[in-house]
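Residues per chain, in single letters:
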Amino acid sequence: MTDVPRSDAETTPAPAGSPDLPDLNEFLADQTHTLLDTARRSVRPEGGFWWLTDDRTPDRGEAVHTWITCRMTHVAALAHRNGDPDAAALVDHGIAALSTLLRDDRYGGWFSAVDQQGAPVDDRKAGYDHAFVLLAASSAARAGRPGADQLLADVQAVVRERFWDAEVGAVRESWNRDWTVTEDYRGANSSMHMVEAFLAAGAATGDASWADRALQIATHLVHTEAARHDWRLPEHYTADWIPLLDYNRDQPADPFRPYGSTMGHWLEWARLLLELEAVLPQPPRWLLADARSLFAAAVRRGWAVDGADGFVYTIDWDDRPVVRARMHWVLAEAIGAAVTLHRRTGDAVYADWYRVFWAYARRYLIDSTGWRHELDVRNLPADTVWHGRPDVYHAYQAVLVSRSADGLGGPGPLAPGTVTA
């Protein structure tokens, strides 16, 4: 392995005695089927996908959320491309909902959610939701499903016109319904998912400008802001991109905008930086160095820091845990980061952490029906931030990338970007 720069931050070794996972391959194959079965159970015949309860039945008290429909569509498209014979119908169901039910025919773009009668519950036009529309459309187009190309063309136009701020090379957070007022806030969460979606759009269309936009976002948020704060990525900003370090201090467990810094996003960024590196013709060397630094910071500041295994959800600016719940999506992104870093570097420390993460997932997070979304500080099921099992996106991608992780429990290497594109 050559040309592998080291970051200034040390790579934190995994706990001693990293577990052996002799039957992981069989387990991963079973998880692929279980998670796709959960996606099937979430199909809402009238359109879109349900938010599921903990026993995987529809939560009829919830609206039809665009982000859930998009994520389920994306997962189904990945399954279809990986040979699942029944996934095509799920993709087509998602395309139909995104082309009609969840779309604003009057002003364009997509609602965040609609009620059971199809009326908008939240008529904001959010960058977070539009990132997932772009991801779902890109994945469906790569899967060759009917209607996906038109959906992809439509959402690309909306994202370029409404959400991409070319003057500053960044993403706007949200608009009101008729696109006349934009929110006086900028968020790293929606920006990160735009990077994921931009990589998927580039893979689906061959348009290299999407990767260029992704690099601009990553340069600002990771190479500048995260590095400036010793890899504690600020999540919240003013409209001029000034960090708001005390944002939501009084609502620390907000599911989308929590106070403090969220190491699950540090891990997600580590994977995305390497996926971005893989598609750029002349990638900057800092992409790998920063991915290493983010991973090292996450395991050092987030893993078992309060006496129990697992990642705490958030920390403050002095590295004190704020919300100590263990989220399934954080562990899933840790797996993805470990796989991509090991594939890129060959460094055994990432293989060790990969085994630690999977051992934890199998012991605490996964039951016979799939992944629990949240655990408490004792690693028991909880619902303080997330209730039920809204979607399978993070877990399915962790399983898929693990099934292709040569030397880590999978049969062979996975082409860069296959998970998110």
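The record held by UniProt for the protein chain lists under Sequence similarities (unreviewed entry) the comment "Belongs to the N-acylglucosamine 2-epimerase family."

### Points about the pattern of salt bridges
A side chain with one charge can pair with a side chain of the opposite charge if their charged atoms come near. Counted according to the given criterion, the structure contains 35 salt bridges. With its nearest N and O atoms 2.7 Å apart, the salt bridge here joins Asp-319 to Arg-232. Taken together, the positions of Asp-319 in the loop between α9 (286-302) and β10 (326-327) and Arg-232 in the loop between α7 (209-228) and β9 (236-237) put the pair 87 residues apart, joining distant regions of the chain. Residue Asp-319 is classed as partly exposed on the basis of its relative accessible area of 24%. One salt-bridge network, in which partners are shared between bridges, spans Asp-54, Asp-367, Arg-372 and Arg-389.

### Describing empty space enclosed by the protein
Considering all chains together, one arrives at four cavities of 30 Å³ or more under this definition. Taken as a whole, the largest cavity encloses approximately 200 Å³ of empty space. The set of elements that each furnish at least two residues to the lining of the largest cavity consists of α2 (66-81), α6 (188-205), α8 (263-279) and α10 (328-345). Per element, the largest residue contribution to the lining of the largest cavity is three residues, and it comes from α6.

### Here's the deal with the packing of aromatic side chains
Two descriptors summarise a pair of aromatic rings, namely the distance from one centre to the other and the angle between the planes of the rings. Here the structure, examined in full by the defined rule, presents 26 aromatic pairs. On the numbers, 5.2 Å between centres and 80 degrees between planes, the contact of Phe-295 with Tyr-350 is edge-to-face. Note that Phe-295 is positioned in helix α9 and Tyr-350 in helix α11 (residues 348-365), a separation of 55 residues in sequence. Each member of the pair, Phe-295 together with Tyr-350, is buried. Three or more aromatic residues joined by ring pairs make a cluster, and in this case those are Phe-295, Trp-303, Phe-311, Tyr-350, Trp-353, Phe-357, Tyr-360 and Tyr-364. Here the basic side chain of Arg-213 rests over the ring of Trp-210, its NZ or CZ set 4.5 Å away from the ring centre. Over the ring of Phe-27 we find Arg-362; its NZ or CZ atom is 4.3 Å from the centre of that ring.

Criteria and cut-off values
- Residues numbered from 1 in each chain as written.
- Predicted model: local features only at pLDDT ≥ 70, side-chain atom pairs only at ≥ 80, totals over all residues.
- Heavy atoms only, no water.
- UniProt positions renumbered as here; feature names shortened; annotations may be inferred.
- Salt bridge = Lys/Arg side-chain N within 4 Å of Asp/Glu carboxyl O.
- Helix = DSSP H or I, 4+ residues; strand = E, 2+ residues; numbered from the N terminus.
- Buried < 20%, exposed > 50% of the residue type's maximum accessible area, 1.4 Å probe, protein only.
- 1 Å grid on protein atoms, 1.4 Å probe; cavity = no way out; pocket = protein on both sides within 12 Å on 5 of 7 lines; lining within 4 Å.
- Points joined across faces, edges and corners; volume = space filled by probe spheres on them.
- Phe/Tyr/Trp six-rings, centres within 6.5 Å; stacked < 30°, edge-to-face > 60°.
- Lys NZ or Arg CZ within 6 Å of the ring centre and 35° of its normal.

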